[in-house]
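Chain residues, written in single-letter form:
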Amino acid sequence: CVNACEKPYRMQVGAFFDAPSVVVFWSEFAQEISKLTKCPTNIHPAKSYEKHLIDTLNTRGDIFIVPSYYTPVLELYGLKNVITSNSLTKTYLVTKKQYDPNDLSTLRNTNIQFSSRYMGPYLRLKNKLKKLGLLDTITFKFGGSFQANAMNVIKGNMDAAAIFSPAFDPLPQNIKNKVNYIAITKSMSSGSIMVKADAPKELIDAIVKSKEKIKLFKWIKANKEVAHPELARLFHMQVNELLKTNNNLPIHQTIK
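A brief report on the enclosed structure follows. (Residues numbered from 1 in each chain as written. Predicted model: local features only at pLDDT ≥ 70, side-chain atom pairs only at ≥ 80, totals over all residues. Heavy atoms only, no water.)

1. Here we look at helix α5 (residues 146–154)
Taken together, the buried positions of α5 are occupied by F146, Q147, N149, A150, V153 and I154. Each buried residue of α5 lies within a common arc of 165° when the element is viewed along its axis, so the set occupies one face. Immediately downstream of α5, the backbone of G156 shows phi near 85°, a positive value. (Buried < 20%, exposed > 50% of the residue type's maximum accessible area, 1.4 Å probe, protein only. Helix = DSSP H or I, 4+ residues; strand = E, 2+ residues; numbered from the N terminus. Arc of directions from axis to C-beta.)

Here's what the structure looks like:
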């Protein structure tokens, strides 16, 4: 397309999936935005969840793919929600066969892998384990894509892991039979796409018009309802903790 902008739009994508999946999920969407705005749109996968979060809090980019419960906090940092997913998604707790994810006490003295500590399923499972008096018996490990973490459990390299349903559901049933799993979270609005508060109208309109090009989930225009308010509160506590250790982040008021 003919350039109609000073520089390409930067689309910030978290480290949720492996690199091939990122291309499959977002390339048609980015291409359609480029076509409508006549401005190149470049996908920038983050190397880690924390890097993605820091870049998003600093509004380093133009288009930001985030969990929906981030949105009330990120609005304090100069972003606004444009579209949100509208499909039932789950996150599974996947374990080796000798453990029972329906009985969290069986996970005593195990290692559980999460792609990031900045995930709703981690916050919810942590709270459950705390209420059961099991939190101090669990070692949490962070990092890896959903696909890599699923295979680590299947291969017996990890006791348990939290896996997003789009990464786990497509696996062959004979592979799934090698592990135990339950859904620990369910949501109709797991993801949101945000822009800077002063983003040009043509970019916002292009995102809305391009939403059908996203192959992952159905998407609708965002409304003002706060998605997962309790998770938003817990996430904001995490952001406040991050502020204490990172001098490059802007400071904003706490959500009550």
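2. Regarding the sheet that holds strand β7 (residues 139–142)
As summarised here, the arrangement of the five strands in space is β7-β6-β8-β5-β9, forming an open sheet in which the pairing is mixed. A single partner strand is all that each edge strand has here, and the edge strands are β7 and β9 (180–187). The mean angle between the axes of side-by-side strands here comes to 25°, regardless of whether they run parallel or antiparallel. In this sheet, β9 lies alongside strand β5 (residues 89–95) in antiparallel orientation, the contact comprising seven bridges. By the bridge assignment for β9, K90 is matched with K186. Sitting on the sheet, α5 is in contact with β5, β6 (111–114) and β8 (160–164), with an inclination near 145° to β8. (Pairing = 2+ DSSP bridges. Axes fitted to C-alpha atoms, helices over the stretch in contact; angles between N-to-C directions. Contact = heavy atoms within 4.5 Å.)

3. Brief notes about the packing of helix α4 (residues 120–131) against helix α9 (residues 229–245)
Interhelical geometry of α4 versus α9 gives an angle of 95° and a closest axis separation of 10 Å. Of the possible angle classes, the one that applies to α4 and α9 is roughly perpendicular. Facing G120, Y122, L123, R124 and N127 of α4, the residues of α9 in contact are L231, L234, F235 and Q238. For the contact of α4 with α9, the class distribution of residues is five nonpolar, three polar and one charged. (Parallel < 35°, antiparallel > 145°, perpendicular 65-115°, else oblique. Nonpolar A, V, L, I, M, F, W, Y, C, P; charged D, E, K, R; others polar.)

4. Concerning the packing of helix α2 (residues 49–57) against α9
Axis separation between α2 and α9 bottoms out at 12 Å; the angle between their running directions is 85°. The orientation of α2 with respect to α9, classified from their angle, is roughly perpendicular. Touching E50, L53, I54 and L57 of α2 are F235, V239 and L242, all from α9. Residue classes in the contact of α2 with α9 are distributed as six nonpolar, no polar and one charged.

Scope: geometric values only; no functional claims are made or implied.
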